[in-house]
Amino acid sequence: MASNEMAGQVVSRSEPESFHPPDRSAVKGTLLVFAAALLWGSNGLVSSQASPGTSALALGAAGMAIGGLLLFATTRGTTRFVSSCSRRDRLHLAVGAVAVAGFPVFFYPAVARAGVAVPTALAMGSAPLFAGLLSCFIHRSRPTNRWCVATLAAVIGCVTLVLGRPTAGGSSQDDLGMLLAVLAGLFFATYSFIGSQFISRGHASAQVMAAMFGGGGVVALTVLLFAGVDNLADARGLSIALYLAGFATFLAYRLYGSGLRHTGPHVATSLALAEPAVAAMLGVCVLDERLPLLSWLGLAVLGVGLLWLVYPDRSQRIP
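Reading guide: rules and limits
Residues numbered from 1 in each chain as written. Predicted model: local features only at pLDDT ≥ 70, side-chain atom pairs only at ≥ 80, totals over all residues. Heavy atoms only, no water. Helix = DSSP H or I, 4+ residues; strand = E, 2+ residues; numbered from the N terminus. Expected span 1.5 Å × (residues − 1). Buried < 20%, exposed > 50% of the residue type's maximum accessible area, 1.4 Å probe, protein only. Core = buried A, V, L, I, M, F, W, Y, C linked by side-chain atoms within 4.5 Å. Contact = heavy atoms within 4.5 Å. Salt bridge = Lys/Arg side-chain N within 4 Å of Asp/Glu carboxyl O. Phe/Tyr/Trp six-rings, centres within 6.5 Å; stacked < 30°, edge-to-face > 60°. Patch = residues over 30% accessible without salt bridge, like charges linked within 9 Å, V, L, I, M, F, W, Y side chains within 5 Å. Areas by Shrake-Rupley, 256 points an atom, 1.4 Å probe, with all protein chains shown as cover.

## A short note on helix α6 (residues 87-114)
For step 1, the next point in the chain: Between its first and last C-alpha, α6 extends 40 Å over 28 residues, near the 40 Å set by a 1.5 Å rise per residue.
For step 2, the next point in the chain: Positive backbone phi, approximately 85°, marks Gly 115, located one or two places after α6.

## Some thoughts on helix α9 (residues 175-200)
For step 1, the next point in the chain: When the terminal C-alpha atoms of α9 are compared, their 38 Å separation across 26 residues agrees well with the 38 Å that a helix rising 1.5 Å per residue should span.
For step 2, the next point in the chain: At the C-terminal side of α9, Gly 202 shows a positive phi close to 105°.

## Concerning the environment of Val 304
For step 1, the next point in the chain: Tracing the chain through its elements places Val 304 in helix α14 (residues 293-310).
For step 2, the next point in the chain: Residue Val 304 is classed as exposed on the basis of its relative accessible area, which comes to 53%.
For step 3, the next point in the chain: Taking the C-alpha atoms as reference points, Val 304 and Ala 150, separated by 154 residues in sequence, lie 8.0 Å from one another.

## What about the nonpolar core?
For step 1, the next point in the chain: Within the largest apolar cluster, 67 residues are counted, with the highest numbers of intra-cluster contacts made by Trp 40, Phe 188, Tyr 191, Tyr 253 and Tyr 256.
For step 2, the next point in the chain: Beyond its immediate stretch of four places on either side in the chain, Phe 188 contacts Trp 40, Phe 103, Met 124, Ala 127, Tyr 253, Tyr 256, Thr 269 and Ala 272.

## Quick word on the side chain of Thr 249
For step 1, the next point in the chain: Within the secondary structure layout, Thr 249 lies in helix α11 (residues 235-262).
For step 2, the next point in the chain: Those residues in contact with Thr 249 that sit more than four places away from it in its chain are Gly 63, Met 64, Gly 67, Gly 68, Phe 213, Leu 244 and Arg 254.

## Brief notes about the pattern of salt bridges
For step 1, the next point in the chain: According to the stated counting rule, one finds 1 salt bridge in the structure shown.
For step 2, the next point in the chain: One salt bridge in this structure joins Arg 201 and Asp 89, with 2.8 Å as the shortest N-O distance. Of this pair, Arg 201 sits in the loop between α9 and α10 (205-227) while Asp 89 sits in helix α6; the two residues are 112 residues apart in sequence, bridging distant segments of the chain.

## Regarding the packing of aromatic side chains
For step 1, the next point in the chain: Following the criterion strictly, the structure yields 15 aromatic pairs and no others.
For step 2, the next point in the chain: Consider the rings of Trp 40 and Phe 188, whose centres lie 5.6 Å apart with planes at 85°: the pair is edge-to-face. Highlighted residues: Trp 40 in helix α2 (residues 24-40) and Phe 188 in helix α9, separated in sequence by 148 residues. Grouping residues by exposure puts Trp 40 and Phe 188 together as buried.
For step 3, the next point in the chain: Considering the side-chain rings of Phe 106 and Phe 187, the 5.3 Å spacing of their centres and the 40° angle between planes classify their relative orientation as tilted. Of this pair, Phe 106 sits in helix α6 while Phe 187 sits in helix α9; the two residues are 81 residues apart in sequence, bridging distant segments of the chain.
For step 4, the next point in the chain: Through a chain of ring-to-ring contacts, the aromatic side chains of Trp 40, Phe 103, Phe 107, Tyr 108, Phe 188, Tyr 191, Phe 213, Tyr 253 and Tyr 256 assemble into a single cluster.

## Thoughts on a nonpolar patch on the surface
For step 1, the next point in the chain: Together, Leu 69, Val 218, Leu 221 and Leu 225 give the surface a local cluster of nonpolar side chains, amounting to about 350 Å² of exposed area.
For step 2, the next point in the chain: By residue number, the principal contributor to the nonpolar patch is α10, which donates 3 residues.
For step 3, the next point in the chain: Here Leu 69 shows up in helix α4 (residues 56-73).

Spelled out as structure tokens, the structure:
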């Protein structure tokens with residue numbers, strides 16, 4: 001017996017303690033969320049090509065209305081999923097749908113009032129904080145120290161990245177625009193949290209996201225009719241709305257919903273902080289923008305925070 005125990009100890013010691021293979025499910029979830037962030041990061045570049053005078057509210061509402069309804073129509077079993085839900089679950093889905101529609105309705109006007117950089121930082125930087133608070137309030141559980149430190153580093157890096165960039169001539173530090181951006185972050189965290197709750201109970205991520213985004217599409221369509229579609233009648237406005245619908249909504253949120261299955265709302269919203277980094281790099285590569293040293297430093301801090309967030313936790317793998 002003793003010799004067997006000693007043999008077991010020798011075998012366990014022969015394995016390098018520093019090597020901990022990553023969880024394949026977590027890696028898959030990370031890649032899916034990053035892919036969604038890549039598509040979201042193109043929003044600023046694409047929407048900036050709209051004709052002068054184009055309504056930001058109409059543009060965002062059109063993208064969400066078309067993309068959300070398309071997501072609902074192309075996802076098999078969504079109607080059956082909604083009909084099988086309890087009254088309480090349907091209420092949660094309705095709240096998620098309102099939050100889905102609320103994000104573009106608040107985010108794009110915030111960008112129109114205060115520029116792309118600061119509202120993006122506020123919206124994406126506040127989302128993981130709201131997600132953590134929702135998790136604490138609903139589940140009565142405190143986020144891990146690892147998540148808190150990694151998310152704080154990512155938020156600091158995100159803010160440093162965008163604040164270090166030169167402000168465009170037409171943008172200003174508009175207080176209302178900043179408030180709208182923070183509210184957009186709250187909506188993003190809310191529907192991420194609600195979707196994650198359904199997915200964690202075994203429901204298909206595609207059906208959950210399609211149900212919320214279908215409802216969100218109806219709400220956004222109502223907003224679009226109120227805002228007017230006159231500014232989207234030209235070819236450029238229509239093509240931008242179709243891009244936002246097909247890529248930034250339909251494809252991006254299908255990827256994001258699948259990522260939620262393998263991560264969680266607080267981790268996924270933190271990973272979505274990669275969006276400002278993608279937007280900044282697209283500006284450098286496509287628009288030939290130049291980032292100052294402070295922005296590159298923020299990008300590095302953001303990268304460290306995200307890597308720390310997704311790297312396997314050694315304390316959870318060693319008994």
